[in-house]
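# Chain and residue survey
The primary structure of each chain is shown beneath.
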Amino acid sequence: TNTPQPKRADRSKVYMADLESALHYSLRVEAARAAALSGAQLDAFKCYVATLVKYFPGRSCVQTYLQSLDTWLRNWTEPELPRSILKEAMKNNRDASHPAVLPTNVTWVGCQGSEPHFRGYPCGLWTVFHLLTVQAAQNGPDKELPLEVLNTMRCYVRHFFGCQECAQHFEAMADESMDRVASREEAVLWLWSHHNEVNARLAGGDTEDPNFPKLQWPPPDMCPQCHKEEWGVHAWDEQAVFTFLKAHFSPTNIYLDYTE
Ligand code: FAD
């Protein structure tokens, strides 16, 4: 009777368990499907890990894990990286003086669906990339390399994302407008507005979890000041949205409950 009941996820929070689960799944499962990585696919993988090292605000054991994987990849100069060798290099190292550990369990909290086939990994991957665009805007020079994180995401999705149809949709959106992004702040807003485009396209469809309807996000109850009306038509206050995204995807809004 004293067993603690799992708390219901709070949608105003970001959960480290979702982020780490998405990283584990993307690095060790999704990206390690091919028998070997080479060429543009190997570059995309290296680029993803390097971007995570720069901007992922992880626990210290996870940051150490990402740093040592990045160093290992930089030292891999052969054109082909066989999966068996990569898998070995991606194992945790708990014995070192600075443990390098990315948990191997998958636990969805904010991304938990009402059925196993809903939400989970795709939700976690969106969350990781929103967080990275925001951290890159906060911690990098605004006018330099505005597309640093978006290009990493584009390459990751193109080469590894398991849902091919999703990857094609995303590539079409990227191809249409990503090159007009001129600053890191615009990169944050580009990802936000295009994620909303995806939400609008998928609303009411059969991939929608009935308990988590696709919304234009953040809805008014999460951010009233993000919404305004112009001539009787709904409009976003993009400055307020940017302020909201900076607070939502900030290290202080990442909760460690449920991490191993
Ligand atoms: P998600 O849409 O996954 O969102 C995750 C969380 O991000 C939400 O819970 C919310 O907290 C936050 N969020 C929501 N909207 C925004 C926003 N605009 N800005 C910032 N944060 C936001 N599925 C398909 O069926 N067809 C597709 O073509 C398709 N394309 C995809 C392309 C990509 C690149 C990715 C990563 C996923 C794609 N998916 C597609 C999956 C789909 O977008 C959802 O991830 C999935 O249906 C799970 O939805 P969800 O309710 O968990 O919320």
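Shown above is the structure to which this text applies.
This write-up is about the structure you can find in this document.

Calculation notes
Residues numbered from 1 in each chain as written. Predicted model: local features only at pLDDT ≥ 70, side-chain atom pairs only at ≥ 80, totals over all residues. Heavy atoms only, no water. Near = heavy atom within 4 Å. Polar contact = N/O pair within 3.5 Å; in protein donor to acceptor, adjacent residues only side chain to side chain. Areas by Shrake-Rupley, 256 points an atom, 1.4 Å probe, with all protein chains shown as cover. Helix = DSSP H or I, 4+ residues; strand = E, 2+ residues; numbered from the N terminus. Nonpolar A, V, L, I, M, F, W, Y, C, P; charged D, E, K, R; others polar. Disulfide = S-S within 2.5 Å. Buried < 20%, exposed > 50% of the residue type's maximum accessible area, 1.4 Å probe, protein only. Phe/Tyr/Trp six-rings, centres within 6.5 Å; stacked < 30°, edge-to-face > 60°. Pairing = 2+ DSSP bridges. Salt bridge = Lys/Arg side-chain N within 4 Å of Asp/Glu carboxyl O.

### Quick look at the site of the ligand
Around the ligand sit 20 residues, and of these Arg-119, His-169, Trp-192, His-195 and Lys-214 come closest. A distance of 2.7 Å separates an oxygen atom of the ligand from a polar side-chain atom of Arg-119. His-130 places a polar side-chain atom, nitrogen or oxygen, 3.5 Å from a nitrogen atom of the ligand. Considered on its own, the ligand offers 950 Å² of accessible surface; in the complex 90% of this is hidden by protein. Those elements that place two or more of their residues in the shell around the ligand are helix 5 (121-139), helix 7 (164-177) and helix 8 (184-202). Looking at the shell around the ligand element by element, the count peaks at seven residues for helix 8. Looking at the shell around the ligand residue by residue, the classes come out as 11 nonpolar, six polar and three charged.

### Here's the deal with the state of the cysteines
Tallying each qualifying case throughout the model produces three disulfides. Here Cys-163 pairs with Cys-166 through a disulfide, and the sulfurs are 2.1 Å apart. Of note, the bridge from Cys-163 to Cys-166 carries an S-S torsion of about 75° and is right-handed in sense. A residue is classified by how much of its surface remains accessible, and Cys-163, at 29% relative accessible area, is partly exposed. Each sulfur in the disulfide pair Cys-223 and Cys-226 lies 2.1 Å from the other. Residues Cys-223 and Cys-226 are joined by a disulfide whose S-S torsion is about 80°; by sign, that bridge is right-handed. A single burial state applies to Cys-223 and to Cys-226, both of which are buried. Should the bonded cysteines of the chain be numbered as they appear in the sequence, the pairing reads 1-2, 3-4, 5-6. Cysteine Cys-155 is unpaired, with the sulfur of Cys-47 as its nearest cysteine sulfur at 5.7 Å. Residue class for Cys-155 comes out partly exposed when judged on its relative accessible area of 25%.

### Comments concerning the packing of aromatic side chains
Given two aromatic rings, one states the distance between the centres and the angle between the planes to describe the pair. Tallied over the entire structure, the rule returns 12 aromatic pairs. Geometrically, the ring pair formed by Tyr-25 and Tyr-121 is tilted, given 4.5 Å between the ring centres and 50° between the ring planes. A residue pair is termed long-range when its members are at least 10 positions apart, and Tyr-25 in helix 1 (residues 16-30) and Tyr-121 in helix 5 qualify at 96 residues. The exposure class assigned to Tyr-25 is partly exposed, which follows from its relative accessible area of 23%. By relative accessible area, which is 9% here, Tyr-121 ends up buried. A ring pair is formed by Phe-170 and Trp-190, whose centres lie 6.1 Å apart and whose planes are at 85°; its orientation type is edge-to-face.

### Considering the pairing of strand 5 (residues 233-236)
Where strand 4 (residues 227-230) meets strand 5, four bridges bridge the pair, whose relative direction is antiparallel. Bridging from a neighbouring strand, Glu-229 pairs with His-234 of strand 5. Linkage of strand 4 to strand 5, two consecutive antiparallel strands, is achieved through a turn of two residues, within which Trp-231 is found at a positive phi near 55°.

### Here we look at the pattern of salt bridges
In this structure the tally under the stated criterion is 10 salt bridges. Linking Arg-154 and Asp-175 is a salt bridge whose minimum nitrogen-to-oxygen distance equals 3.9 Å. Taken together, the residues span a long stretch of sequence, with Arg-154 in helix 6 (residues 148-160) and Asp-175 in helix 7 at a distance of 21 residues. One salt-bridge network, in which partners are shared between bridges, spans Arg-154, Arg-158, Glu-171 and Asp-175.

### Thoughts on unusual backbone geometry
For the peptide bond that leads from Trp-217 to Pro-218, omega is 0°, which places it in the cis range. Residue position: Pro-218 is located in the loop between helix 8 and strand 4. With phi around 40°, Leu-145 is a residue other than glycine that occupies positive phi space. Position of Leu-145 relative to the elements: it lies in the loop between helix 5 and helix 6. For Trp-231, which is not glycine, the phi dihedral falls at a positive 55°. Inspection of the secondary structure assignment puts Trp-231 in the loop between strand 4 and strand 5.

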